[in-house]
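Below, each chain spelled out in residue letters.
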Amino acid sequence: MRRSVSFSIAFVLFLLPLLLGLVETTSPNPDIAPEGSFTEAAPAHFVRGPTVNLVTNSSALIFWRTDVPMNATVDYGLEKLNLNLTVSNSTVVGDHRITLTGLAVGSRYYYQVTSSGTASDVYHFKTAPADGTEFKMIVFGDNRPATDTAPVQPQEYSDLVDLVVAEEPHIVIMTGDYVLGVTDDHSHNLDAWERFTNITDRLGHYAPIYGVLGNHDTSAYTGTLRLEYFFDAFEMYDEPSPYFSFDYAGVHFTLLNSEEQYIEGRITGAQYDWLVDDLTNTTNSMKFVFAHQPLYPLRHIRSALDRNMTEMKRLQQLFEDKNVTLFAAGHDHLFDRLTVNGVVHIITGGAGAPLYSTPWGGAFYHYLKVDVRSGQVNFTAIDLSSVVREQYQLPYDGPIEIEGRFLANNSMKRNGTLPQLYFSEIPAEVLYSWDGGSNSTTLTGFPDEPDEHTLDVYASDSESLWSHERFVFNTYNPDWPTPTTSTATPTDTTFNGYPPPMDFVLVLGIVGVVAAVVVVVILVRLKRK
Ligand SMILES: [Fe+2]
């Protein structure tokens with residue numbers, strides 16, 4: 001018996017190095033990794049990517065960065081086990097950008113990059129489908145850390161990235177505020193942005209990501225823009241600009257910069273002129289526009305694109321005139337959908353930054369899924385538990401939606417001021433009634449008596465279908481209710497915002513395998529006795 005045990009231990013000691021060798025030489029396969037588990041690390045020398053960028057229906061840019069200058073090769077193909085196409089660049093550099101051309105429309109391509117003998121895992125992406133056909137877009141943003149003392153990305157952001165990878169989107173748009181701030185400390189900025197790209201590149205392996213500039217992503221307020229970190233995080237077109245446009249699958253995408261120096265929170269001047277031309281010249285009937293700051297904020301009231309009401313109304317009118325389908329923004333850390341005269345406004349700022357509580361709700365971590373198919377658009381807000389929290393569909397064929405906003409943030413809800421009312425389409429007729437009184441076609445301000453008041457709003461569409469909404473206002477306290485910031489903080493910083501180290505997973509697996517082998521060997525030996 002003693003000899004049997006000794007033999008077993010010797011057998012295990014013989015087997016252990018083989019097991020270790022097997023594990024160490026096996027590359028994690030993203031296709032067979034458990035859902036939500038993305039623990040694979042970039043190979044040695046790879047400090048960024050690889051990521052897929054600027055994808056069209058026939059081309060894609062593959063980007064990665066090595067810590068020392070190396071050559072570059074991309075092997076790719078339509079089958080994972082047959083990467084039969086190759087593009088190489090023998091120039092020895094650190095930043096590698098290789099454009100794949102001649103790709104098939106609406107197809108999944110697998111790719112692997114190699115620099116000086118070091119190969120990445122095999123990833124995949126989808127080329128843009130034919131114009132007017134189905135594709136899936138994910139929009140999310142405001143993932144910035146809560147504090148700048150150690151700019152750790154929120155665990156919620158890391159978890160959302162895993163969920164978005166599992167969605168296998170064609171394209172991703174991010175709505176800004178990726179870091180808490182950029183300063184004159186270069187090493188701090190590098191650290192903060194690296195923590196962002198380390199997580200974001202896990203999604204960038206599989207889908208092109210475009211981002212708008214957030215107010216926390218630049219130091220424009222202090223006189224120095226420092227856009228180089230933003231431009232480095234997102235692959236841009238030839239002449240990097242914080243505002244630009246492109247076409248994808250028959251949809252026109254316009255990304256705006258709401259953080260222009262000295263005119264922050266405004267779309268005006270040369271950028272507005274450019275926007276007018278951009279929306280006028282496109283031949284695509286469906287148009288998506290993005291910026292960091294919303295037109296109709298719930299928390300940053302009068303400190304978003306509504307700070308200049310004349311310009312805000314001009315922008316809304318432009319969107320209506322040019323038939324803009326969607327305007328999506330962040331800045332408010334919550335989810336909200338408001339349709340104004342046929343233009344869908346969505347605030348999706350719940351990717352990890354501390355949530356904002358407002359009288360209108362929406363304070364949950366989430367991403368927005370947008371399914372586009374032949375003139376139809378489905379919007380779905382999905383939270384961290386994969387629960388669908390909001391859904392909306394275009395074309396919308398329900399009754400007119402009536403939404404009310406009172407200006408809680410800046411104590412504007414005073415006697416004599418007008419409540420803000422919005423209609424999902426331009427109504428054929430509108431009637432207002434304060435405190436159950438007679439209907440009027442003219443909206444008057446809050447009643448003079450400081451008290452609780454009701455406002456009934458009736459609106460009809462072109463088919464004389466009426467909608468009704470009742471709003472209750474307390475005018476005796478102009479500061480009520482004061483929105484408060486939630487105390488939500490990242491729930492798990494055990495691994496400093498990054499996935500658990502691979503070594504930890506390996507050790508657990510090895511211990512399990514060794515234990516199983518010991519049991520089997522002992523049983524076999526006992527049976528022979
Ligand atoms: Fe912001």
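Report on the accompanying structure. (Residues numbered from 1 in each chain as written. Predicted model: local features only at pLDDT ≥ 70, side-chain atom pairs only at ≥ 80, totals over all residues. Heavy atoms only, no water.)

Structural notes on a negative patch on the surface
Piece 1. Residues Asp435, Asp448, Glu449, Asp451 and Glu452 make up a contiguous surface patch of negative charge.
Piece 2. Mapped onto the secondary structure, Glu449 falls in the loop between strand E21 (429-434) and strand E22 (452-460). (Patch = residues over 30% accessible without salt bridge, like charges linked within 9 Å, V, L, I, M, F, W, Y side chains within 5 Å. Areas by Shrake-Rupley, 256 points an atom, 1.4 Å probe, with all protein chains shown as cover. Salt bridge = Lys/Arg side-chain N within 4 Å of Asp/Glu carboxyl O. Lys, Arg positive; Asp, Glu negative; His and termini not counted. Charge placed at Lys NZ, Arg CZ, Asp CG, Glu CD. Helix = DSSP H or I, 4+ residues; strand = E, 2+ residues; numbered from the N terminus.)

Quick notes on unusual backbone geometry
Piece 1. A cis amide bond links Gly49 with the next residue in sequence, Pro50, at an omega value of 5 degrees.
Piece 2. Position of Pro50 among the secondary structure elements: in strand E1 (residues 46-53).
Piece 3. Look at Leu54: it is not a glycine, yet its phi comes out positive at around 50 degrees.
Piece 4. Backbone geometry places Asp142, a non-glycine residue, at a positive phi of 55 degrees.
Piece 5. By secondary structure assignment, the location of Asp142 is in the loop between strand E7 (135-140) and helix H2 (155-167).

Description of the packing of aromatic side chains
Piece 1. This model, assessed by the stated rule, comprises 31 aromatic pairs.
Piece 2. With a centroid separation of 5.9 Å and an interplanar angle of 40 degrees, the aromatic rings of Phe140 and Tyr157 are classed as tilted. Here the residue Phe140 occupies a position in strand E7, and Tyr157 occupies one in helix H2, the gap between them amounting to 17 residues.
Piece 3. Residue classification places Phe140 among the buried positions, given a relative accessible area of 0%.
Piece 4. In this structure Tyr157 comes out as buried when scored by relative accessible area, which is 0%.
Piece 5. Each ring, one from Tyr248 and one from Phe253, has its centre 6.3 Å from the other, and the planes form 85 degrees; the classification is edge-to-face.
Piece 6. You can call Phe253 buried: its relative accessible area is 0%. (Phe/Tyr/Trp six-rings, centres within 6.5 Å; stacked < 30°, edge-to-face > 60°. Buried < 20%, exposed > 50% of the residue type's maximum accessible area, 1.4 Å probe, protein only.)

Points about the pairing of strand E4 (residues 108-115)
Piece 1. The buried fraction of E4 is high, at 6 of 8 residues.
Piece 2. Pairing of E4 with strand E6 (residues 123-126) involves 4 bridges; the strand directions are antiparallel. The partner of Arg108 across the bridge, within E6, is Lys126.
Piece 3. Where E4 lies against strand E5 (residues 118-119), 2 bridges are found, and the strand directions are antiparallel. Looking across to E5, one finds that Thr114 is bridged to Ala119.
Piece 4. From the end of E4 to the start of E5, which pair antiparallel, there are 2 residues, and Ser116 there has a positive phi angle of about 45 degrees. (Pairing = 2+ DSSP bridges.)

Describing the packing of H2 against helix H3 (residues 186-204)
Piece 1. Two numbers describe how H2 lies on H3: the axes approach to 8 Å, and their chain directions differ by 15 degrees. Overall, the two elements H2 and H3 adopt an arrangement that is roughly parallel. Helix-helix and strand crossings are classified by hand; for H2 and H3 the assignment is right-handed. The residues of H3 that touch H2, namely those facing Tyr157, Ser158, Val161, Asp162, Val164 and Val165, are Phe196, Ile199, Thr200, Arg202 and Leu203.
Piece 2. Its residues assigned to classes, the contact of H2 with H3 shows 7 nonpolar, 2 polar and 2 charged. (Axes fitted to C-alpha atoms, helices over the stretch in contact; angles between N-to-C directions. Parallel < 35°, antiparallel > 145°, perpendicular 65-115°, else oblique. Left-handed = near helix turned anticlockwise from the far one by under 90°. Contact = heavy atoms within 4.5 Å. Nonpolar A, V, L, I, M, F, W, Y, C, P; charged D, E, K, R; others polar.)

Observations concerning the pairing of strand E17 (residues 376-383)
Piece 1. E17 sits mainly inside the fold: 7 of its 8 residues count as buried.
Piece 2. Examined bridge by bridge, strand E16 (residues 366-373) and E17 share 8 bridges and lie antiparallel to one another. Paired with Lys369 across the strands is Thr380, a residue of E17.
Piece 3. Taken together, E16 and the strand that follows it, E17, pair antiparallel across an intervening segment of 2 residues, in which Ser374 is found at a positive phi of about 30 degrees.
Piece 4. The sheet contact formed by E17 and strand E18 (residues 388-394) spans 6 bridges and is antiparallel. Across the sheet, residue Phe379 finds its bridge partner in E18, namely Tyr392.

Overview of the sheet that holds E7
Piece 1. Spatial ordering of the open sheet is given by E9-E8-E7-E16-E17-E18, a layout of 6 strands whose pairing is mixed. Only two strands of the sheet have a single neighbouring strand rather than two, namely strand E9 (209-211) and E18. Pairwise comparison of adjacent strand axes, ignoring direction, gives a mean angle of 20 degrees for this sheet.

With respect to the coordination of the iron ion
Piece 1. Protein coordination at the iron ion comes from Asp177 (OD), Asn215 (OD1), His292 (NE2) and His331 (ND1), with a distance range of 2.1 to 2.2 Å.
Piece 2. One can describe the site at the iron ion as irregular: its 4 donor atoms subtend angles covering 86 to 163 degrees at the metal.
Piece 3. Taken in sequence order, the residues that donate to the iron ion follow the motif D-x37-N-x76-H-x38-H. Note that Asn215 is positioned in the loop between E9 and helix H4 (228-233) and His292 in the loop between strand E12 (286-290) and helix H6 (309-321), a separation of 77 residues in sequence. We note that Asn215, like His292, is buried. (Donors = N, O, S within 2.8 Å, 3.2 Å for Na, K, Ca; no water. Tetrahedral: all angles 85-135°; square planar, octahedral: opposite > 155°, others 65-115°.)

Description of the pattern of salt bridges
Piece 1. This model, assessed by the stated rule, comprises 16 salt bridges.
Piece 2. One salt bridge in this structure joins Arg65 and Asp95, with 2.5 Å as the shortest N-O distance. With Arg65 in strand E2 (residues 60-77) and Asp95 in strand E3 (residues 85-100), the pair connects residues that are 30 residues apart, well separated along the chain.
Piece 3. Ionic pairing is found between Glu134 and Arg373, a salt bridge with its closest N-O pair at 3.2 Å. You can see Glu134 sitting in the loop between E6 and E7 and its partner Arg373 sitting in strand E16, a full 239 residues away along the chain.
Piece 4. Using a relative accessible area of 46% as the deciding quantity, one classes Glu134 as partly exposed.
Piece 5. Relative accessible area serves as the criterion here: at 28%, Arg373 is assigned to the partly exposed category.
Piece 6. A network of salt bridges, in which partner residues are shared, links Arg48, Arg65, Asp95, Asp201 and Asp232.

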